[in-house]
Structure formats: structure tokens, C-alpha cells
Amino acid sequence: MSANQKSYKRITTNSLVEMKQQGEKISMLTAYDYSMAKAVDAANVDVVLVGDSASNVMSGHETTVPITLDQMIYHAAAVVRAVHRALVVVDLPFGTYQSDPKEALRSSIRIMKESGAHAVKLEGGSEVKDSIRRILHAGIPVMGHLGLTPQSIYKFGTYTVRAKEEKEAQKLIEDAKLLEELGCFAVVLEKIPAELAQKVASQLTIPVIGIGAGSNVDGQVLVLHDMIGLTTEFNPRFLRRYMNLYDEMTSAIKNYVGDVKSGQFPNQNEQY
Ligand code: KIV
């Protein structure tokens, strides 16, 4: 921590705005279970996202589309039990907020009451403005998500960089401003040109958190399982792997299997 960096006992949505004002970068990581969330919180990550990427990394689905509200609440409640410092944000899964603002509010209330999380995140801009307004009116903080929005994968067709064309870039800027006007406390920008992300971050007062959006934004988010190398098949340019946990785990498990087969586990000290 640098000398003028404030130390926070508990991160709130206001702390994040304050960090942006002070020029302190915001760290955000996903977590989906108690043990992982405990490690993430102990490492002083500012925001823990219970992402719908759980659909991919926890359940092995190809997309985030299948995960249900009940499953998100199960993951979120486990994470909340582990986290004492970070702000816990939970993704509203596909199909629980797009069709009707009342349903969006009902889904958000279930997340807040049944998991104890602090905020919800949803994908999209003007298309979901009525849902966002409704959720915010009930006093539930909302984080936006623009750019590559994985719940729309079947509309996009691919996971390539978004908003490279002027028209899409312009819509993204307008949507980001709309999210701020509506009262969202932060916005995630996924896989867009760094220059565009910088432009958005400089025009908003709320924090802009990037994933594959370059360094000139207010914070960064990665999927925990990608960042620790527990997943191996996903290799986008923006991903930095800080360890190769899959290899380390497999090697440890092989040692265990070998010890069991050879009778070396348990030894004299490991029995009663
Ligand atoms: O679900 C998720 O993990 C996310 C992040 C990639 C931002 O939305």
C-alpha cells in the first residue's frame, strides 16, 4: 500500500467512487465458493464478483446462458459467508431481468435477501434501463456491464473484441453515460479497444472496471479460475496467469495416488 493510499475495513460502493477520485486502482476478482472467496478476501481484493461465469468454470457449460437464479444465490451465499472486507456483487443471470422490470426487481431482491450480497450486476445499456431504474428505486446498488456481454453470445456469434466500429463505439459511450445517469455505482467494460475504454473512464465520474479493456480505466477484473491457471483451455490476450494451479494440483494428486497404491500413505504418524 502506498503512503497516501487509504486502508478500508469494509469496501462500499462509495469507497469505489472515492478510489476513482483518489486515482487508486480498484481490484476485482470472481469467486463462487466459500474457500476460494476466503483467499480472495484475505488478499485484499476490493470487489468480489459472484459472476455468472460460474456457469462455465464451476459447471462446465459452454456459455453463461444456462445458470439459474437459484444456482447464483447458492454460490453467492457461500461467498458472502467468507468475505469480510470486499464488496460482494452478484450477476443477475440471463432471463431474470430483461423481459420485465418487476421481474428484475424480484430477482434482485431474492439475491440480496437470500445471499446477503451487497449489489447486483447486469448486462446491457438502454435496452434494460427500465429494469435498472426499478432495481435502484428499491435501494439495491447496480453495477453495469457493456462491451462484450457474454449473455448475448448467440446474438454476437463470437467472443471477439466489441465496439471496434464507430457506430457500436458511439452506442457504448451513450450507454455508459446512461448507466451513470440512472444511478449505477460502477460499470464493467469487457473486451473493447483500450482507447475507447479510456475515453469512457475519463467521461464518467463512476468507476470503470475493465477486462480486456486496457490499463487506462479505474480498475481491473479477471475470472479467478483463469488468473490462477485452474482453467487451461481459455487463453485470450488480456489474461495474465499468475500461477498454473491445474498442473500443481494434478501433480499433487498423482503423488497421493502413488502413495496410496504403494502403501506409503498413511504412515505410522498418520494413524490412531
Ligand atoms: O461473469 C463474470 O465473471 C463476469 C466478468 C467477466 C466481468 O461478468
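Residues numbered from 1 in each chain as written. Predicted model: local features only at pLDDT ≥ 70, side-chain atom pairs only at ≥ 80, totals over all residues. Heavy atoms only, no water.

J.: What exactly am I supposed to notice about the layout of surface pockets here?
T.: A water-sized probe rolled over the atoms picks out the places where empty space is left. In this model, the largest pocket occupies a volume close to 700 Å³. Taken together, 31 residues make up the lining of the largest pocket; nearest its centre are Ser-53, Asn-56, Val-223, Asp-226 and Phe-234. Elements with a contribution of two residues or more to the lining of the largest pocket: α3 (54-57), β6 (186-190) and β8 (219-222). Partitioning the lining of the largest pocket into residue classes produces 13 nonpolar, nine polar and nine charged. In this structure, the second largest pocket encloses a volume near 600 Å³. Forming the boundary of the second largest pocket are 23 residues, of which Ile-211, Gly-212, Gln-220, Leu-222 and Phe-238 lie nearest the centre. Broken down by secondary-structure element, the contributors of at least two residues to the lining of the second largest pocket are β1 (26-30) and β8. (1 Å grid on protein atoms, 1.4 Å probe; cavity = no way out; pocket = protein on both sides within 12 Å on 5 of 7 lines; lining within 4 Å. Points joined across faces, edges and corners; volume = space filled by probe spheres on them. Helix = DSSP H or I, 4+ residues; strand = E, 2+ residues; numbered from the N terminus. Nonpolar A, V, L, I, M, F, W, Y, C, P; charged D, E, K, R; others polar.)

J.: Looking at this structure, I do not really get the environment of Gln-198. What am I missing?
T.: Within the fold, Gln-198 resides in helix α9 (residues 194-203). For the pair formed by Gln-198 and Ser-126, sequence separation is 72 residues and the distance between their alpha carbons is 21 Å. Apart from residues lying up to four places away in sequence, Gln-198 is in contact with Asn-216 and Val-217. (Contact = heavy atoms within 4.5 Å.)

J.: Honestly, the domain arrangement of the protein in this entry has me stumped. Any pointers?
T.: By a widespread convention, an interface's size corresponds to the accessible area lost as its parts come together. Under the domain assignment, the protein is made up of domain 1 (13-241) and domain 2 (245-272). Taking only C-alpha atoms, the centre of domain 1 and the centre of domain 2 are 39 Å apart. (Domains from an automatic or database assignment.)

J.: Sorry if this is basic, but what is going on with the site of the ligand here?
T.: For the ligand, the full set of nearby residues is Thr-30, Leu-49, Gly-51, Asp-52, Ser-53, Asp-91, Lys-121, His-145, Glu-190, Ile-211 and Val-223. In this structure, Asp-52 approaches the ligand through a side-chain N or O atom, which is 3.0 Å from an oxygen atom. In the model, an oxygen atom of the ligand is placed 2.9 Å from a nitrogen or oxygen of the Lys-121 side chain. When the ligand is considered free in solution it has 260 Å² of accessible area, and contact with the protein chains removes 95% of it. When each cavity is represented as a set of grid points, the ligand is found to reside in the largest pocket. (Near = heavy atom within 4 Å. Polar contact = N/O pair within 3.5 Å; in protein donor to acceptor, adjacent residues only side chain to side chain. Areas by Shrake-Rupley, 256 points an atom, 1.4 Å probe, with all protein chains shown as cover. Sits in = over half its atoms within 2 Å of the grid points.)

J.: Quick question: what am I supposed to make of the sheet that holds strand β5 (residues 142-147) here?
T.: Strands pair in a sheet through their backbones, by hydrogen bonds, and they do so in one of two ways: parallel or antiparallel. Here eight strands make up a closed barrel; going around it, the order is β1-β2-β3-β4-β5-β6-β7-β8 and the pairing parallel. Pairwise comparison of adjacent strand axes, ignoring direction, gives a mean angle of 25° for this sheet. Where strand β3 (residues 87-91) and strand β4 (residues 119-121) come together, three bridges link them in parallel fashion. Looking at β4, one finds that Asp-91 is bridged to Lys-121. (Pairing = 2+ DSSP bridges. Axes fitted to C-alpha atoms, helices over the stretch in contact; angles between N-to-C directions.)

J.: What is the right way to read the pattern of salt bridges from this model?
T.: If the charged atoms of two oppositely charged side chains come close together, the side chains can form a pair. Under the definition given, this model contains ten salt bridges. Two residues, Arg-85 and Asp-46, come together in a salt bridge whose shortest N-O distance is 3.3 Å. Note that Arg-85 is positioned in the loop between α4 (69-82) and β3 and Asp-46 in the loop between α2 (34-42) and β2 (47-50), a separation of 39 residues in sequence. Each member of the pair, Arg-85 as well as Asp-46, carries the same accessibility label: buried. Among the ionic pairs, Arg-110 bridges to Glu-114, the shortest N-O distance being 2.7 Å. On the criterion of helical spacing, the pair formed by Arg-110 and Glu-114 is a turn pair, its members being four residues apart in helix α5 (residues 101-115). On the accessibility criterion, Arg-110 (29% relative accessible area) is partly exposed. When salt bridges with common partners are traced through the structure, they connect Asp-70, Arg-110 and Glu-114 into a single cluster. (Salt bridge = Lys/Arg side-chain N within 4 Å of Asp/Glu carboxyl O. Buried < 20%, exposed > 50% of the residue type's maximum accessible area, 1.4 Å probe, protein only.)

J.: Any chance you could explain α9 here in plain terms?
T.: Listing the buried residues of α9 in full gives Leu-196, Ala-197, Val-200 and Ala-201. The arc enclosing the buried residues of α9, seen along the axis, measures out at 135°, which places them on a common side. In α9, the exposed positions that point more than 90 degrees away from the buried face belong to Glu-195 and Ser-202. Residues of α9 that are buried sit in contact with α1 (13-22), α8 (166-182), β6 and β7 (208-211). (Arc of directions from axis to C-beta.)

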